[in-house]
Amino acid sequence: MSESDEFHSALRSLRVWDTELPAFDPAAAPAEPVTLFRSWFTEAAAAGAVEPHTMHLATVDEAGRPDVRTLMLHDADARGWHFASHAGSAKGRQLAARPEAALGFYWPAQGRQIRVRGRVTAGTAEEAYADLHARSTGALAAALVGRQSEPLPDLDTLAAASEAAWDRARREPDAEPETWTAYVLEPAEVEFFQGDARRRHVRLRYRREGDSWVRELLWP
């Protein structure tokens, strides 16, 4: 069997949502989206979802081309969805030039996904410091390495930089990476998707109008 045949055989053998999916009554959904997000997130974690705090972040570069990567959620509150990165990274530069982005969460065991779109703002240096130092030594070491998205000559260079950063993180637990930045996506739209085995998927979109939210169902 050729590599192409193996790929297509594997692709066509896969099934989606081979489990009992939870019910979702959009009529009982709260008036604003973050409460429902937190509820779904907690349920995903309780159901054993692998890394439910990982999410896709989509941005646009200077040429208008879309870009996407996976990173970790740091918080979700009345302000929006929080994450962090280096200001000089690809996503940091893209957000500085065009501060609009989208997030995507997917928890397959429950057939649920959440999409968030809105404006992204950078937090203060104090917020970035508090965010980073609430995490692990490894997180600090990774931030201290810096140079995210820059070309890397070889893996030995990365290993040396990482070792130096780990040493500094242990010696200086209060170290402040200069470009580490906390971001918050302030949502204009949030969509909750509940999969259904018979493909009668439930889609509920929250759309901001002024200081309030409009809720509307969407065709699957």
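Residues numbered from 1 in each chain as written. Predicted model: local features only at pLDDT ≥ 70, side-chain atom pairs only at ≥ 80, totals over all residues. Heavy atoms only, no water.

Novice: In this structure, what is going on with the overall build of the chain? I would like to understand it.
Specialist: Helix and strand content of the chain: six helices and nine strands. With respect to the principal axes defined by its C-alpha atoms, the chain has extents near 60 × 55 × 40 Å. Burial status across the chain gives 35% buried among its 220 residues. Considering only residue pairs separated by 6 or more positions, the chain has 65% of its internal contacts joining residues 24 or more positions apart. About 13,300 Å² of surface is accessible on the chain, with carbon and sulfur atoms providing 52% of the total. (Helix = DSSP H or I, 4+ residues; strand = E, 2+ residues; numbered from the N terminus. Buried < 20%, exposed > 50% of the residue type's maximum accessible area, 1.4 Å probe, protein only. Contact = heavy atoms within 4.5 Å. Areas by Shrake-Rupley, 256 points an atom, 1.4 Å probe, with all protein chains shown as cover.)

Novice: Explain unusual backbone geometry here, please?
Specialist: Working note: non-glycine residues mostly have negative phi, and peptide bonds are mostly trans. The backbone of Glu51 sits at a positive phi, close to 45 degrees, despite the residue not being glycine. As for its placement among the helices and strands, Glu51 is situated in the loop between helix 2 (33–46) and strand 1 (54–60). Phi is positive for Arg147, close to 60 degrees, though the residue is something other than glycine. Within the secondary structure layout, Arg147 lies in the loop between helix 5 (137–145) and helix 6 (155–171).

Novice: What's the story with the nonpolar core in this structure? I'm lost.
Specialist: For soluble globular proteins, nonpolar side chains are generally found buried alongside one another. Within the largest apolar cluster, 29 residues are counted, with the highest numbers of intra-cluster contacts made by Phe37, Trp81, Phe105 and Ile114. When residues of this core are traced back to their parent elements, those giving at least two are helix 2, strand 1, strand 4 (81–86), strand 5 (100–107), strand 6 (112–122), strand 7 (180–194) and strand 8 (202–209). Ranked by residue count, the leading element in this core is helix 2, at five residues. Listed in part, the 13 residues of the second largest apolar core include Ala84, Ala165, Ala169 and Trp180. (Core = buried A, V, L, I, M, F, W, Y, C linked by side-chain atoms within 4.5 Å.)

Novice: Would you explain the pairing of strand 5 in this entry?
Specialist: Residues in a regular strand point their side chains to alternate faces of the sheet. Across three bridges, strand 1 lies against strand 5 in antiparallel orientation. Across the sheet, residue Ala58 finds its bridge partner in strand 5, namely Ala102. Strand direction decides the pairing type here: strand 5 and strand 6, joined by eight bridges, are antiparallel. Looking at strand 6, one finds that Ala102 is bridged to Arg117. If you look at the hairpin formed by strand 5 and strand 6, you'll find four residues sitting between the two strands, and Gly111 has a positive phi there, around 65 degrees. (Pairing = 2+ DSSP bridges.)

Novice: Help me understand the pairing of strand 9 (residues 212–218) in this model?
Specialist: Bridge analysis of strand 8 against strand 9 gives seven bridges, and the strand direction is antiparallel. For Leu204, the partnering residue across the bridge sits in strand 9 and is Leu217. Hairpin connection between strand 8 and strand 9: a loop of two residues separates the two successive antiparallel strands, and Gly210 in this loop has a positive phi of roughly 65 degrees.

Novice: Is there a simple way to think about the layout of surface pockets in this case?
Specialist: To locate leftover empty space, one rolls a probe as large as a water molecule over the atoms. As a volume, the largest pocket reaches approximately 520 Å³. Along the wall of the largest pocket there are 23 residues; nearest its centre are Ala142, Val145, Gly146, Arg147 and Gln148. Put simply, the parts of the chain that give the lining of the largest pocket at least two residues each are strand 2 (66–72), strand 4, helix 5 and helix 6. It is helix 5 that contributes the most residues to the lining of the largest pocket, four residues altogether. Of the residues in the lining of the largest pocket, the class split is 13 nonpolar, six polar and four charged. Approximately 170 Å³ is the volume found for the second largest pocket. Taken together, His74, Asp75, Arg79, His82, Phe83, Gly123, Glu127, Asp131, Ala182, Tyr183 and Val184 form the lining of the second largest pocket. Mapped onto the lining of the second largest pocket, the elements with two or more residues apiece are strand 4, helix 4 (125–133) and strand 7. In terms of residue count, strand 7 provides more of the lining of the second largest pocket than any other element does, three residues in total. (1 Å grid on protein atoms, 1.4 Å probe; cavity = no way out; pocket = protein on both sides within 12 Å on 5 of 7 lines; lining within 4 Å. Points joined across faces, edges and corners; volume = space filled by probe spheres on them. Nonpolar A, V, L, I, M, F, W, Y, C, P; charged D, E, K, R; others polar.)

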